[in-house]
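# Observations on the three-dimensional arrangement
Residue-level listing of the chains:
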Amino acid sequence: MKTNTSSLLLNIESTRLEMIQLARQFGYANPNVVKCSQKLDSLLNVYHSKMIKNKLA
């Protein structure tokens, strides 16, 4: 998942808003909300890894 930091941040924010909207519509335990939450977790992990890598460089 190679991407630059600003597009990664936009994707994180977009996914976060999508998850909030889905949770309001279907509830937190809905499979679509859980899947979106997992996608957000993955994006946040990528971002965190990039930040750690940049700090060490």
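Our structure's up above, just so we're on the same page.
Below is a short write-up of the structure. (Residues numbered from 1 in each chain as written. Predicted model: local features only at pLDDT ≥ 70, side-chain atom pairs only at ≥ 80, totals over all residues. Heavy atoms only, no water.)

### Examining helix H2 (residues 31-56)
Compared with an ideal rise of 1.5 Å per residue, which puts 26 residues at 38 Å, H2 spans 37 Å between its outermost C-alpha atoms and is within 8% of the ideal. Residues Val33, Cys36, Leu40, Leu43 and Val46 constitute the buried set of H2. (Helix = DSSP H or I, 4+ residues; strand = E, 2+ residues; numbered from the N terminus. Expected span 1.5 Å × (residues − 1). Buried < 20%, exposed > 50% of the residue type's maximum accessible area, 1.4 Å probe, protein only.)

### Overview of the side chain of threonine 15
By secondary structure assignment, the location of threonine 15 is in helix H1 (residues 5-26). Polar side-chain contacts of threonine 15 include one of 2.8 Å to the backbone oxygen of asparagine 11. Residue contacts for threonine 15: discarding those within four places in its chain leaves Cys36, Lys39, Leu40 and Leu43. (Polar contact = N/O pair within 3.5 Å; in protein donor to acceptor, adjacent residues only side chain to side chain. Contact = heavy atoms within 4.5 Å.)

### Observations concerning the environment of asparagine 4
Structurally, asparagine 4 can be placed in the segment before H1. Classification of asparagine 4 as partly exposed rests on a relative accessible area of 49%. Spatially, the C-alpha atoms of asparagine 4 and lysine 35 are 24 Å apart, while their sequence positions differ by 31 residues. One polar contact links the side chain of asparagine 4 to the main-chain amide nitrogen of serine 7, over a distance of 2.9 Å.

### Describing H1
Here H1 spans 31 Å end to end across 22 residues, near enough to the 32 Å set by a 1.5 Å rise per residue. Taken residue by residue, H1 has Leu8, Ile12, Thr15, Leu22 and Ala23 as its buried positions. Taken down its axis, H1 places every buried residue within 100 degrees of arc, on the same side. In H1, the exposed positions that point more than 90 degrees away from the buried face belong to Ser6, Leu10, Gln21, Arg24 and Gln25. Contacts made by the buried residues of H1 are with H2. (Arc of directions from axis to C-beta.)

### Re the pattern of salt bridges
Evaluated as defined, the whole model comprises one salt bridge. When the shortest N-O distance is used, the salt bridge between glutamate 13 and arginine 16 registers 2.7 Å. Here arginine 16 and glutamate 13 lie together in helix H1, a separation of three residues that amounts to about one turn. Take glutamate 13: its relative accessible area is 34%, and that puts it in the partly exposed class. For arginine 16, a relative accessible area of 32% translates into the label partly exposed. (Salt bridge = Lys/Arg side-chain N within 4 Å of Asp/Glu carboxyl O.)

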